[in-house]
Amino acid sequence: MLLENIRDRKLKQLYQMLTHSDFKGNFEEDYTLCLLYAMRCIDVCQGEDCPVEEKHYVDIAKEIIRIYDTSDQYNYENISIMSWTKALLDYMKEYSRSYRDIHRMNCFDLLNAVMEFIDPDMVS
């Protein structure tokens, strides 16, 4: 129990350091946490033939956040970061796209290209 309490306290400190939260709904920054979560999603979706090289994890995570942020403007706000991650990786694999290829795309084109790989049941 003692180790769990110490871990929990350290997690709260880390969260507060990353977000500057006061634990009352006020925070200054959540981009870093979103980026970390996107990296975790990439890791979860990682397979033997995954198109993401380790050196591009952060870069691809930034692209996922870019898609996720853009999706709100087109009424796709109910699609999760995990779903966008899977769809982007599927798109990259299907069309043999590299990080550079997707980075060069504008937000709207990237969103539409990746949307093809979103499960229709995920869109409300």
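In short, a report on the structure. (Residues numbered from 1 in each chain as written. Predicted model: local features only at pLDDT ≥ 70, side-chain atom pairs only at ≥ 80, totals over all residues. Heavy atoms only, no water.)

## Brief notes about a negative patch on the surface
The condition is simple: In this analysis, a patch consists of residues with relative accessible area above 30% that form no salt bridge, clustered at 9 Å for like charges and at 5 Å for the nonpolar side chains Val, Leu, Ile, Met, Phe, Trp and Tyr. Computed with the Shrake-Rupley method and a 1.4 Å probe, the accessible areas treat only the protein chains shown as cover for residues. A pair is scored as a salt bridge if a Lys or Arg side-chain nitrogen falls within 4 Å of a carboxyl oxygen belonging to Asp or Glu. The charge count includes Lys and Arg as positive and Asp and Glu as negative, but it does not include His or the ends of the chains. By convention, the point assigned to a charge is CZ for Arg, NZ for Lys, CD for Glu and CG for Asp. Helix and strand definitions follow DSSP, with helices as H or I runs of at least four residues and strands as E runs of at least two, each counted in order from the N terminus.
Negative charge collects at one region of the surface, where D30, D69, D72 and E77 lie side by side. Position of D30 relative to the elements: it lies in the loop between α1 (2-19) and α2 (31-45).

## Observations concerning the packing of α2 against helix α3 (residues 57-71)
Rules: Convention adopted: a line fitted to C-alpha atoms gives each axis, helices being fitted over their contacting stretch, and angles between N-to-C directions are expressed from 0 to 180 degrees. Roughly parallel here means an angle under 35 degrees, roughly antiparallel means over 145, roughly perpendicular means 65 to 115, and every remaining angle is called oblique. Rotating anticlockwise by less than a right angle from the far helix to the near helix defines a left-handed crossing, while the corresponding clockwise rotation defines a right-handed one. In this description, contact between two residues means that some pair of their heavy atoms is separated by no more than 4.5 Å.
At a minimum axis distance of 8 Å, the contact between α2 and α3 shows a crossing angle of 110 degrees. Accordingly, the angle class assigned to the pair α2 and α3 is roughly perpendicular. Note that α2 runs across α3; the crossing there is right-handed. Counting all contacts with α2, which are made through Y31, C34, L35, A38, M39, I42 and D43, the residues of α3 involved are Y57, V58, I60, A61, K62, I64 and I65.

## What about helix α6 (residues 107-115)?
Which entries qualify depends on this criterion: Exposure classes here rest on a 1.4 Å probe applied to the protein chains alone. A residue is buried below 20% of its type maximum, exposed above 50%, and partly exposed in between. In protein, a polar contact means a hydrogen-donor-capable atom and an acceptor-capable atom, both N or O and within 3.5 Å, with residues adjacent in sequence counting only if both atoms are side-chain atoms; elsewhere, any N or O pair within 3.5 Å suffices.
Of all the residues in α6, the buried ones are L110, L111, A113, V114 and M115. Summarising the contacts, the buried residues of α6 are in contact with α3, α4 (81-94) and α5 (99-104). Regarding α6, its N-cap is N106, as a side-chain oxygen of that residue lies 3.1 Å from the backbone nitrogen of F108 further along.

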